[in-house]
Protein chains: 4
Amino acid sequence: MSPKVSQAYKEGKRAAILEGALHCFTEKGFQATTVDDIVRHLGISKGAIYSYFSSKEEMYIEMAEDKMGAMVDSLSEQFKSMPSAKERILYLFGRFRGQSLGELRQWLSFHLEFMLYAARQPRLTERWTQYAGKAIAFVQRIIETGMQTGELRADLDAAQASRLFWSVRDGLALQYLLAGADTEYGQAIDESEKMVFRYILGGDGS
Amino acid sequence: MSPKVSQAYKEGKRAAILEGALHCFTEKGFQATTVDDIVRHLGISKGAIYSYFSSKEEMYIEMAEDKMGAMVDSLSEQFKSMPSAKERILYLFGRFRGQSLGELRQWLSFHLEFMLYAARQPRLTERWTQYAGKAIAFVQRIIETGMQTGELRADLDAAQASRLFWSVRDGLALQYLLAGADTEYGQAIDESEKMVFRYILGGDGS
Amino acid sequence: MSPKVSQAYKEGKRAAILEGALHCFTEKGFQATTVDDIVRHLGISKGAIYSYFSSKEEMYIEMAEDKMGAMVDSLSEQFKSMPSAKERILYLFGRFRGQSLGELRQWLSFHLEFMLYAARQPRLTERWTQYAGKAIAFVQRIIETGMQTGELRADLDAAQASRLFWSVRDGLALQYLLAGADTEYGQAIDESEKMVFRYILGGDGS
Amino acid sequence: MSPKVSQAYKEGKRAAILEGALHCFTEKGFQATTVDDIVRHLGISKGAIYSYFSSKEEMYIEMAEDKMGAMVDSLSEQFKSMPSAKERILYLFGRFRGQSLGELRQWLSFHLEFMLYAARQPRLTERWTQYAGKAIAFVQRIIETGMQTGELRADLDAAQASRLFWSVRDGLALQYLLAGADTEYGQAIDESEKMVFRYILGGDGS
DNA sequence: CATGAATGAGTTTTCATTCAT
DNA sequence: GATGAATGAAAACTCATTCAT
């Protein structure tokens, strides 16, 4: 009656499969990755995958949700002990800077392919917009706080500003998806930081 | 021994095929579009397609190159008779505003899917970056002009600023790929315009 | 624009595929027959089959419907010029006798497997009962005519009697599905004929 | 070194497995039932099944043999204390009537599917015909007795008549496999009883 | 002993590409 | 030249059976 392998074992295996699959997806893309690719990469059998996930698509969706959830959660965690709005936004830019272009490209290609995939599937579209909404709301709250404390200019539309913040970030990442060196990218982030602060602070942002 | 069909006929047909294929690719994506879809949409034979293009992939690549070239060319054309940098940039924002979300989404999904596709193929990556470079250079020249005339603040890095410009534009489009209404999107463009002008003008952008 | 092969060619091919598939289904059963079996038997490609039929199941269903339709139609045709009820029923028994056990077994195993298959699929169940209903109605009409002309006893329930007629026929076939010689089977039909006539005629059936 | 588990325990378990498997086979059919279905239904492990049966097929065959044996044995038992042939045959009809259509359908689909299965395997065909032979012989003996006592008409061929008896019964069941209500079915049995008695009794069966 | 995770050959179905007509 | 039927190599997914724990 009792299972021969522990719950922990199963979760570990499940995680290992997801990781292996992610590796393949980032390398070749979701559509182009075959289940055989994943199987070969992991050195397990096809059946093993299907005993943990009901389809290739399910793996993909869970993976995307894990990623999105993790991102939002980790940010929320970080910010518990960071009161100033300015500081928080600076922290976010620091985080962007901390990511190498290599990592960024992997993350971004996964992210974009999934968006395109979700865009054709109403069921996923909604799921996705919820997550995107969380990220927007997250920065929006920071901005609102900053507006109340007077750190940020009072006539901002916090929601709009949050959207713009993410637009700049995502758009910049997009610029460097295909080409560019880490140093250039770092400078571009610096400059985008300036633009954003010029926009959210009163005066000329200096 | 004149050719049975004129050169013009062939070019027309070729263009018609590309157009039909583009329609399908934007609707379902490159990978998900079958040659049969295209054939059905165009009402021609499979053989016809393969006598103009050697593979589905080739159609895709040519199409993407056409699109990219057309965008850059059309902008260049427009600007011959528009001297002021500020005016030109305003014109660009106007153009963004002029595009409905529906059109934007179609264009964007094609664009993104192709970027992802190109990202895995060195040969295409280079081609793509050339095009992207043209768009950057294009706005960069506008900014440089503006800096010289004093319209824009003198301490800008024109190349960086151009990149930021496109980042904002692309990032904003990305925000609205999956969800959002046309009016919201219009307001977001307005706001991004403000942010960009705040950044490129001296003072607070007002 | 015009197809390169005639409509007749396509219908012929379609029929050939159905015939080949039927051969395999009768030999191994529907579930046990693989598409590869059919392909191998016909010497065509897998794709060819799927360009004529959308699935293995569809082939099966069409085949069954053809068979059922053909049976009912052929009987109806025969009987246009056969006025007497007794004569008609005798003719039916003659027809049963005319079929060799080999043929019967093929027909019956196909028939039974399809019934079982249909029994698990509500959509097919209805289709099937319609056909079965036709066969019942067919004999029922014969019986009703016979009752009116006085050939058959007046206190029969024509519908019930028709059902019994087919029960005897099907049940007998079932008896010989697995074993038995043609001669025995012929005698059994003779005897069943006697039983049925004893039942539908007045008196003792002699 | 006595066995860890008693012989009785093993037999019980074995029987329980067969019963659970039967439940699944009647519900979905042999081919469509997976070992996982059985395991899930019984709440035991896959290994347990394979320690009692060497394959899914073996379970199926044993099950069928058990069923067939049980049917014949139970009838033989019942009839020890029932002298009259007429009474015995009436009893058989009563038994048929006693079975609901639901039960009948389950029994019949199992029975038919196994016949079809056996029809393709010479080894099973023989086994099956032995059992079928027992059922025939069983009714045949009743008829012979009846003929001797003068209950039934003297010019019957007892073997043939027995076959016809079963034909009527099986054929009728077949009629109601896919559709029909219990009441109709009951009436059909009544009527088939009349037909059979008309046939085996002297005169007009009244 | 019992368990159930793992295996991998086998299944149906798809679709870019070819080539006889 | 144009056509579209035919090809067949993949692809995703299933499931009877095994065997390490």
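Residues numbered from 1 in each chain as written. Chains lettered and ligands numbered in written order. Predicted model: local features only at pLDDT ≥ 70, side-chain atom pairs only at ≥ 80, totals over all residues. Heavy atoms only, no water.

- Going by what an unreviewed UniProt entry lists, chain A is known as TetR/AcrR family transcriptional regulator and is assigned to Cohnella endophytica.

**Looking at the UniProt feature "domain: HTH tetR-type" (unreviewed entry) in chain A**
Stage number 1. Using the residue numbers shown here, the UniProt feature "domain: HTH tetR-type" (unreviewed entry) corresponds to residues 11–71 of chain A.
Stage number 2. Between the end C-alpha atoms of residues 11–71 of chain A there is a gap of 21 Å, over a span that is 80% helix and 0% strand. (UniProt positions renumbered as here; feature names shortened; annotations may be inferred. Helix = DSSP H or I, 4+ residues; strand = E, 2+ residues; numbered from the N terminus.)

**Considering the protein's contact with DNA strand F**
Stage number 1. DNA strand F sits among 34 residues. The nearest are K46 of chain A, Y9 and K13 of chain C together with V35 and K46 of chain D.
Stage number 2. Atoms of DNA strand F within 4 Å of the protein belong to the sugar or the phosphate in 64% of instances, the rest to bases.
Stage number 3. A distance of 2.7 Å separates a base nitrogen of DNA strand F from a polar side-chain atom of K46 of chain A.
Stage number 4. Here G47 of chain B contributes a backbone N or O atom positioned 3.4 Å from a base nitrogen of DNA strand F.
Stage number 5. Mapped by element, the contributors of at least two residues to the surface near DNA strand F are helix 3 (46–52) of chain A, helix 3 (46–52) of chain B, helix 1 (7–28) and helix 3 (46–52) of chain C together with helix 3 (46–52) of chain D.
Stage number 6. Tallying contributions element by element places helix 3 of chain C first for the surface near DNA strand F, with 4 residues.
Stage number 7. Here the residues of the surface near DNA strand F sort into 12 nonpolar, 12 polar and 10 charged. (Near = heavy atom within 4 Å. Polar contact = N/O pair within 3.5 Å; in protein donor to acceptor, adjacent residues only side chain to side chain. Nonpolar A, V, L, I, M, F, W, Y, C, P; charged D, E, K, R; others polar.)

**Quick look at the interface of chain C and chain D**
Interface size is commonly expressed as the accessible surface area that is lost when the partners come together.
Stage number 1. Taken residue by residue, the interface counts 46 residues in chain C and 45 residues in chain D.
Stage number 2. Roughly 4100 Å² of surface becomes buried between chain C and chain D when both sides are summed, with 64% attributable to carbon and sulfur atoms.
Stage number 3. At the boundary of chain C and chain D, one finds 4 salt bridges.
Stage number 4. In this assembly, chain C and chain D are joined by 8 residue pairs in polar contact (both at pLDDT 80 or more).
Stage number 5. Within the residue set of the side of chain C that touches chain D, elements represented by two or more residues are helix 1, helix 6 (101–119), helix 7 (122–149), helix 8 (158–175) and helix 9 (182–200) of chain C.
Stage number 6. Among the elements that make up the side of chain C that touches chain D, the one with the highest residue count is helix 8 of chain C (11 residues).
Stage number 7. Its residues placed into classes, the side of chain C that touches chain D shows 22 nonpolar, 13 polar and 11 charged. (Contact = heavy atoms within 4.5 Å. Buried area = accessible area lost by both parts, 1.4 Å probe. Salt bridge = Lys/Arg side-chain N within 4 Å of Asp/Glu carboxyl O.)

**A closer look at the arrangement of the chains**
Stage number 1. For chain A and chain C, which are not in contact, the least C-alpha distance works out to 21 Å.
Stage number 2. Nothing in chain B touches chain D, and the closest approach of their C-alpha atoms is 32 Å.

**Here's the deal with the relation of the copies chain C and chain D**
Stage number 1. In the superposition of chain C on chain D (RMSD 0.5 Å, axial shift 0.0 Å), the rotation amounts to 178 degrees. Interpreted geometrically, this transformation is the action of a two-fold axis. For chain C, the smallest separation between a C-alpha atom and the rotation axis is recorded for G171 of chain C, amounting to 2.0 Å.
Stage number 2. Most of the interface of chain C is mirrored in chain D, where 98% of its interface residues again form contacts. (Least-squares fit on C-alpha atoms with pLDDT ≥ 70 in both.)

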